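# What the coordinates show
So the chains spell out like this:
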Amino acid sequence: MDPAYLSYPAYLSYLVRVSSVLISGGGPAGVMLGYLLARAGVEVTVLEKHADFFRDFRGDTIHPSTLQVMHDLGLLEDLLKIPHSEMRQASGQIGSDRVTLADFSRLPGPCQFVAFMPQWDFLDFLVRAGRAFPTFHVAMRSEVVDVLTDAGAIVGARVTRGDAVEDVRATLLVAADGRHSVVRERAGLEVQNLGAPMDVLWLRVPKVPDDQPQPLGRVVSGRFLVMIDRGDYWQCAYLISKGTVEALRARGLAALRADIAAVAPFLRDRLETLTDWDDVKLLTVVVDRLKTWYRPGLLCIGDAAHAMSPIGGIGINLAIQDAVAAANILTPPLRAGRVTIDDLAAVQRRRLWPTRVTQRMQVTMQDRVVAPVLAGGAGPFRAPWPLRVVSRTPALQAIAARFIGFGVRPERVR
Ligand SMILES: Cc1cc2nc3c(=O)[nH]c(=O)nc-3n(C[C@H](O)[C@H](O)[C@H](O)COP(=O)(O)OP(=O)(O)OC[C@H]3O[C@@H](n4cnc5c(N)ncnc54)[C@H](O)[C@@H]3O)c2cc1C
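The structure reproduced in this document is the subject of the present report. (Residues numbered from 1 in each chain as written. Predicted model: local features only at pLDDT ≥ 70, side-chain atom pairs only at ≥ 80, totals over all residues. Heavy atoms only, no water.)

## Re helix 3 (residues 64-72)
Summarising burial for helix 3: seven of the nine residues are buried, a large majority. Turning to helix 3, its buried residues are Pro64, Ser65, Thr66, Leu67, Gln68, Val69 and Met70. (Buried < 20%, exposed > 50% of the residue type's maximum accessible area, 1.4 Å probe, protein only. Helix = DSSP H or I, 4+ residues; strand = E, 2+ residues; numbered from the N terminus.)

Structure (structure tokens):
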């Protein structure tokens, strides 16, 4: 019988017996790490607090680095059978300038594009693929509420499922429970906040059949809109100055519709479909990083170790890269049944530099580009000269595509 169908608490008792790794959180980092460890023969259980993966506006970009990982795993062909769209160039309309910022078409590797696919489809796909391994277990509606400690080491997690509470012990607990990680908080790990000048409002606007391809980003003085083509609708991210959402709400939905129409006039009529603030999802932007990503018996990865700015849409991909690095480094000690603090430190050493470089770049873009745009100002608005240079220079567009698509120090599955 599939253990997932065992009644609770028999199910968690089963996990207690079999799992050497418990992963808190079934997002991209947790599910990918679970898949990779199970593939290597390690008994692993992913605990996800929700009943399914269906959450809107969760981040749906799958970059070439992740597509490369899927290729390494022999999963790419089937993944790309799932409906998705492909972005081969990233361009922007900045005031009167139309600029091309990144050209993915010349990237090495199996895919020369960024794929847009609902994150729940991606996660469902990975979980289904993981079921091929008898060592892979996923427990939905299972929320980690605390860590278990013994003589200063973390030895498992306290998990709730419905009204039931169970203490589950494991060789290693991995916190992949996102940027509001309960595990990292309960483990007392120190967070460094790097700051962000903006928040993001996510919303959908219908597409019409004769819509032309649109630039990814649209900027006029005081307004910044990102539009992602999702087939039958535009997924829009409208940037606002940090902490101003309540003032915006007070101005009313009609004012928000007018603000967005000012940067994308062709959407004006369709914005009338936005009739309720429930249609608008606030992403409070946080850029942070743990000082130390581990304690004896515990490792944090993905957003739980470092929440990324939405700039570049690379949060999912860094989470996946962390999972690959963690699996590469930890599989041998896990197979031997003993993970030392040095093994955990090796994962942080491997991933800290890419994280730092990426966050530094994001913070620079936030401070030098986004904040001045949102602050507004009179007069004609043009692309800053460095972006105009990139737009005229294919070699620079290829470098930008490589940075966005693969990041620094891309990981390959061992
Ligand atoms: C609105 C929005 C839009 C975004 N857009 C993009 C984008 O376009 N591209 C991009 O690359 N990134 C985007 N991001 C960021 C991206 O989603 C994250 O960087 C990425 O998902 C991080 O993956 P993760 O697995 O580390 O954490 P998460 O994806 O946050 O997954 C954490 C999982 O843990 C579960 N969980 C939380 N607490 C517990 C608990 N106590 N017990 C058990 N389970 C728990 C959660 O339900 C969740 O499933 C966006 C984020 C948001 C919020």
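That was the structure; now back to the text.
## Here's the deal with helix 10 (residues 341-375)
By the largest-angle criterion, Gln366 marks the main kink of helix 10, which is about 35 degrees. Of the residues flanking the end of helix 10, it is Gly376, one or two places downstream, whose phi is positive at about 75 degrees. (Bend = angle between axes of the 7 residues up to and from the residue.)

## Notes on the nonpolar core
Val21, Met32, Leu33, Met70, Phe122 and Leu330 are the most contacted members of the largest nonpolar core, which has 80 residues in total. Among the elements that make up this core, the one with the highest residue count is helix 9 (residues 315-336) (nine residues). Ranked by size, the runner-up nonpolar core spans 27 residues in total, among them Ala102, Met198, Val219 and Ile228. (Core = buried A, V, L, I, M, F, W, Y, C linked by side-chain atoms within 4.5 Å.)

## Some details on the layout of surface pockets
Roughly 310 Å³ of internal volume is contained in the second largest pocket. Residue lining of the second largest pocket: 16 residues in total, with Glu86, Met87, Gln89, Gln214 and Asp229 positioned closest to the centre. Where the lining of the second largest pocket is concerned, the elements lending two or more residues are strand 4 (85-87), strand 5 (89-94) and strand 16 (223-229). Among the residues making up the lining of the second largest pocket, the classes are represented as eight nonpolar, four polar and four charged. (1 Å grid on protein atoms, 1.4 Å probe; cavity = no way out; pocket = protein on both sides within 12 Å on 5 of 7 lines; lining within 4 Å. Points joined across faces, edges and corners; volume = space filled by probe spheres on them. Nonpolar A, V, L, I, M, F, W, Y, C, P; charged D, E, K, R; others polar.)

## Details of the pattern of salt bridges
Per the stated rule, a full pass over the model turns up 21 salt bridges. Across the salt bridge formed by Asp78 and Lys81, the nearest N and O atoms sit 3.0 Å from each other. Overall, Asp78 belongs to the partly exposed group, its relative accessible area being 42%. Of the charged contacts, one joins Asp211 and Arg270 as a salt bridge, the two residues approaching to 2.7 Å between their closest N and O atoms. Of this pair, Asp211 sits in the loop between strand 14 (198-206) and strand 15 (217-220) while Arg270 sits in the loop between helix 8 (253-263) and strand 18 (281-283), and the two are 59 residues apart along the sequence. There is no split in this pair, since Asp211 and Arg270 are both buried. Residues joined in a network through salt bridges with shared partners are Asp322, Arg350, Arg351 and Glu411. (Salt bridge = Lys/Arg side-chain N within 4 Å of Asp/Glu carboxyl O.)

## Quick look at the pairing of strand 10 (residues 153-161)
Within a regular strand, the side chains alternate between the two sheet faces. Burial analysis of strand 10 places seven of its nine residues in the buried class, the great majority of the element. Bridge analysis of strand 9 (residues 143-150) against strand 10 gives seven bridges, and the strand direction is antiparallel. Note that in strand 10 the partner of Leu148 across the bridge is Gly156. In this structure, the hairpin formed by strand 9 and strand 10 is closed by a connection of two residues, where Ala151 is found at a positive phi of approximately 50 degrees. Where strand 10 lies against strand 11 (residues 164-169), six bridges are found, and the strand directions are antiparallel. Across the sheet, the residue bridging to Ala157 is Val168, located in strand 11. Where strand 10 hands over to strand 11, the hairpin turn is made up of two residues, of which Gly162 adopts a positive phi near 60 degrees. (Pairing = 2+ DSSP bridges.)

## Brief notes about the packing of helix 11 (residues 385-392) against helix 12 (residues 394-406)
Between helix 11 and helix 12, whose axes approach to 5 Å, the crossing angle comes to 105 degrees. Taken as axis vectors, helix 11 and helix 12 run roughly perpendicular relative to one another. When helix 11 is examined against helix 12, the residues Val389, Val390, Ser391 and Arg392 are found in contact with a partner set consisting of Pro394, Leu396 and Gln397. Looking at the contact of helix 11 with helix 12 residue by residue, the classes come out as four nonpolar, two polar and one charged. (Axes fitted to C-alpha atoms, helices over the stretch in contact; angles between N-to-C directions. Parallel < 35°, antiparallel > 145°, perpendicular 65-115°, else oblique. Contact = heavy atoms within 4.5 Å.)

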